[in-house]
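# Structural overview
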Amino acid sequence: MTYAITQTCCNDATCVAVCPVNCIHPTPEERAFGSTEMLHIDPRACIDCGACADACPVDAIFPVDSLSAGQREYADINAAYYEGAEPLAAEVDGPNFHAWGEPVFERNLPSDFGPLRVAVVGTGPAGMYAAQDLLLHTAAEVTLIDRLPVAGGLVRYGVAPDHPATKKVGDTFSRFHSHPQVRMHLGIEVGRDVTPEELSAHHDAVVYAVGASTDRRLGVPGEDKPGCLSATAFVAWYNAHPEAVAQGVDLSAERVVVVGNGNVALDVARILVADPEALSATDIAAHALDALRASRVREVVVLGRRGPEDAAYTRSELLALKHLEGVELVVDDHDPRTAAAIDTAGAGDRAGVLKGLARVRTDAASLTGGERRIVLRFHSEVREIRGEGDGVSSVRVTDGGGDGDGGGTADLGAGLLLRAIGYRGLPVPGLPFDETSGTVPHEGGRVAGVPGSYVVGWIKRGPSGGIGANRTCAAETVGTLLADAVAGELPTPTGDAKAFRRLARQRNRRVVDARGLAAIDRAERDRGRRDGRPRVKLATVEELVATARSGRLLRLTR
């Protein structure tokens with residue numbers, strides 16, 4: 001019996017480091033690492049030790065014989081990765097299971113290397129992987145800063161609520177929130193409460209992990225109507241982001257159009273038609289759950305500009321849609337190129353996952369019965385968003401018309417359009433910015449022309465890669481930072497940690513520290529236990545700050 005890696009794989013490669021027989025690939029040392037959607041276990045070499053499953057931060061690894069019906073395909077997916085490859089030779093003459101390469105020491109810190117004081121701006125995966133690297137491998141003192149009064153970033157506010165295993169990576173990060181070498185200042189915004197210069201003056205180095213917080217636009221008529229939203233805003237709404245509007249997403253129409261072919265597009269489509277009672281066991285925002293229970297949405301049309309062979313979503317997310325209870329997944333066959341791509345696709349191709357699905361024609365009318373379905377419509381672009389007054393009533397899209405020339409158009413009746421065509425970074429105060437890529441120019445994470453400043457995550461490399469990709473990204477940035485420190489190229493700070501704490505609290509009296517964050521966590525979990533849910537999130541800045549203060553004061557008076 002062997003193990004298999006499944007849908008929620010985050011690619012951070014923790015499992016690779018603990019495998020005693022080197023049967024998980026691609027490894028971070030291999031060229032293919034980062035180019036595959038997930039890691040794979042070689043069933044020919046796996047010795048059933050379970051070390052990988054214990055180490056996995058997102059519960060993505062299971063024994064093959066325990067896989068559920070919806071996961072059994074992953075046994076074949078893991079095995080298919082190694083088809084045609086020679087099995088690894090066993091090390092028969094020694095105690096090791098296989099031959100290991102020579103040890104590599106990429107970082108060499110001198111014995112008298114003193115502790116650095118490093119600020120990390122952003123507490124999402126990128127920032128926390130950077131903090132983890134510093135705390136585990138150096139004596140650095142880390143200041144965690146976030147403009148929101150709660151930590152988590154995209155783990156808290158970007159992962160879909162029906163992916164609880166993926167959210168578990170947050171538990172890995174949370175152990176560092178109360179680390180003795182960490183000081184936490186939540187609710188502080190760089191550029192509003194403190195300047196970049198003030199931040200640098202109190203730290204040896206500053207690592208910016210601010211992500212890509214805005215979305216790309218379609219650039220078509222009608223895009224500014226209230227019924228046209230970004231998927232970013234919709235995801236924030238159902239995840240109880242304190243800056244999202246608690247009410248106001250109109251789900252009264254039977255059809256919603258989602259523009260985009262990435263994982264975020266599939267996330268919002270799935271949430272729109274999922275059974276609300278199934279979602280009630282998750283940490284979805286209470287206001288979103290109420291709205292979904294009253295929703296009339298029965299059909300979501302997902303538009304892709306290119307064909308199924310070029311879709312940006314992962315096979316694992318597409319496979320999950322095929323097993324969504326009570327929801328039919330179908331393909332719109334308005335363009336013959338779609339059917340041709342599916343019919344000729346190989347078993348390992350994205351388009352191959354669509355074989356066997358019903359093929360339909362999406363017309364102006366929407367479903368009127370009680371059925372729910374997701375329609376994948378490829379080779380289709382939005383030309384105009386129409387509607388009387390402020391509302392959306394239809395979406396005009398390109399339509400091949402059966403001849404594949406793409407010259408015609410069709411109107412799809414819809415009451416809501418969500419654009420999920422990519423994220424984009426915003427300028428960071430005090431740092432250079434590339435308007436074309438939406439990133440900060442850098443060299444190995446070192447910000448060009450700003451000594452002591454570094455970037456990590458999407459603001460460094462653009463909006464690509466999942467949670468685990470930030471681990472290797474952070475390792476590069478931290479490595480650059482430490483090399484600069486050894487070379488004496490970091491500016492000397494003029495203030496200390498206590499001075500920065502005083503400054504932060506002078507500028508913002510609502511700063512949340514680690515004890516306040518712990519109080520928020522306890523309160524949300526307590527609310528969740530009462531409702532049979534993992535947690536019920538506090539949805540406003542006021543609630544978060546008040547809970548942090550009350551919990552902190554309660555502990556101080558005990």
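The shown structure was predicted, so the numbers you read here are calculated from the model rather than taken from an experiment.

### Overview of the sheet that holds strand 10 (residues 228–230)
Spatial ordering of the open sheet is given by 10-19-11-12-15-13-14, a layout of 7 strands whose pairing is parallel. Looking at which strands have only one partner, the edges of the open sheet turn out to be strand 10 and strand 14 (359–360). As judged from the 3 bridges shared by strand 10 and strand 19 (residues 416–419), these two strands associate in the parallel manner. Across the sheet, Ser230 pairs through a bridge with Arg419, a residue of strand 19.

### A short note on the pattern of salt bridges
In the structure shown here, the tally under the stated rule is 39 salt bridges. Across the pair Arg270 and Glu317 runs a salt bridge, and its minimum N-O distance is 3.6 Å. One end of the pair, Arg270, is in helix 10 (residues 263–273); the other, Glu317, is in helix 13 (residues 315–322), and 47 residues separate them in sequence. Here Arg383 makes a salt bridge to Glu381, at a shortest N to O gap of 4.0 Å. A residue is classified by how much of its surface remains accessible, and Arg383, at 43% relative accessible area, is partly exposed. You can call Glu381 partly exposed: its relative accessible area is 33%.

### What to know about the packing of helix 3 (residues 73–80) against helix 13
With their axes 12 Å apart at the nearest point, helix 3 and helix 13 run at an angle of 160° to one another. As the angle between them shows, helix 3 and helix 13 are arranged roughly antiparallel. You can see that helix 3 and helix 13 cross each other, and the crossing is right-handed. Of the residues in helix 13, those touching helix 3 at Glu73, Tyr74 and Ile77 are Arg315, Ser316 and Leu319.

### What to know about the packing of aromatic side chains
For the structure on display, the rule yields 5 aromatic pairs. When the centroid spacing of 5.0 Å and the interplanar angle of 85° are considered together, the rings of Tyr129 and Phe173 count as edge-to-face. With Tyr129 in helix 4 (residues 125–137) and Phe173 in helix 7 (residues 169–174), this residue pair connects regions lying 44 residues apart in the sequence. Neither Tyr129 nor Phe173 differs from the other in exposure class; each is buried. Taking the centre distance of 5.4 Å and the plane angle of 45° together, the rings of Tyr423 and Trp458 count as tilted. Taken together, the positions of Tyr423 in strand 20 (residues 423–424) and Trp458 in helix 15 (residues 458–461) put the pair 35 residues apart, joining distant regions of the chain. Overall, the relative accessible area of 17% leaves Trp458 in the buried class. One aromatic cluster in this structure is built from Phe234, Trp237 and Tyr238.

### Quick look at helix 12 (residues 286–293)
What sets the pattern is the α-helix's 3.6 residues per turn: residues three or four places apart point alike. Those residues of helix 12 that sit buried are His287, Ala288, Leu289, Ala291 and Leu292. Where helix 12 is buried, its residues contact helix 9 (231–238), helix 10 and helix 11 (276–279).

### A few points about the side chain of Arg535
Mapping Arg535 onto the fold places it in the loop between helix 18 (514–531) and helix 19 (541–557). Reaching out from Arg535, the side chain makes a polar contact with the side chain of Glu524 at a distance of 2.7 Å. Apart from residues no more than four positions distant in its own chain, Arg535 is found in contact with Arg156, Thr282, Asp283, Asp521, Glu524, Arg525 and Gly528.

### With respect to the pairing of strand 15 (residues 372–377)
Most of strand 15 sits out of view: 6 of its 6 residues are buried. Residues Arg372, Ile374 and Leu376 of strand 15 are buried on one face, and the alternating residues Arg373, Val375 and Arg377, pointing to the opposite face, are buried as well. Pairing of strand 13 (residues 327–332) with strand 15, which is carried by 6 bridges, proceeds in the parallel orientation. Bridged to Leu329 within strand 15 is Ile374.

### Comments concerning the state of the cysteines
Counting across every chain of the model gives 0 disulfides. No disulfide involves Cys9; its nearest neighbouring cysteine sulfur is the one of Cys10, lying 6.1 Å away. Judged by relative accessible area, Cys9 falls into the buried class, the value being 16%.

### What about the sheet that holds strand 16 (residues 382–386)?
As summarised here, the arrangement of the 3 strands in space is 16-17-18, forming an open sheet in which the pairing is antiparallel. Two strands close off the open sheet at either side, each with one partner strand: strand 16 and strand 18 (408–413). Neighbouring strand axes in the sheet, compared pairwise and without regard to direction, differ in orientation by 25° on average. In this sheet, strand 18 lies alongside strand 17 (residues 394–399) in antiparallel orientation, the contact comprising 6 bridges. Bridge pairing in strand 18 places Asp399 opposite Gly408.

### Re the packing of helix 9 against helix 10
Helix-helix packing: each pair is described by the crossing angle between the helix axes and the interaxial distance. At a closest axis distance of 10 Å, the pairing of helix 9 and helix 10 adopts a crossing angle of 50°. As judged from the angle between their axes, helix 9 and helix 10 are oblique. Of the two possible hands of crossing, helix 9 and helix 10 adopt the one that is left-handed. Between helix 9, through Ala231, Phe234, Val235 and Tyr238, and helix 10, the contact on the second element is made entirely by Val264, Asp267, Val268, Ile271 and Leu272. In the contact of helix 9 with helix 10, the residues fall into 8 nonpolar, no polar and 1 charged.

Conventions used here
Residues numbered from 1 in each chain as written. Predicted model: local features only at pLDDT ≥ 70, side-chain atom pairs only at ≥ 80, totals over all residues. Heavy atoms only, no water. Pairing = 2+ DSSP bridges. Helix = DSSP H or I, 4+ residues; strand = E, 2+ residues; numbered from the N terminus. Salt bridge = Lys/Arg side-chain N within 4 Å of Asp/Glu carboxyl O. Buried < 20%, exposed > 50% of the residue type's maximum accessible area, 1.4 Å probe, protein only. Axes fitted to C-alpha atoms, helices over the stretch in contact; angles between N-to-C directions. Parallel < 35°, antiparallel > 145°, perpendicular 65-115°, else oblique. Left-handed = near helix turned anticlockwise from the far one by under 90°. Contact = heavy atoms within 4.5 Å. Phe/Tyr/Trp six-rings, centres within 6.5 Å; stacked < 30°, edge-to-face > 60°. Polar contact = N/O pair within 3.5 Å; in protein donor to acceptor, adjacent residues only side chain to side chain. Disulfide = S-S within 2.5 Å. Nonpolar A, V, L, I, M, F, W, Y, C, P; charged D, E, K, R; others polar.

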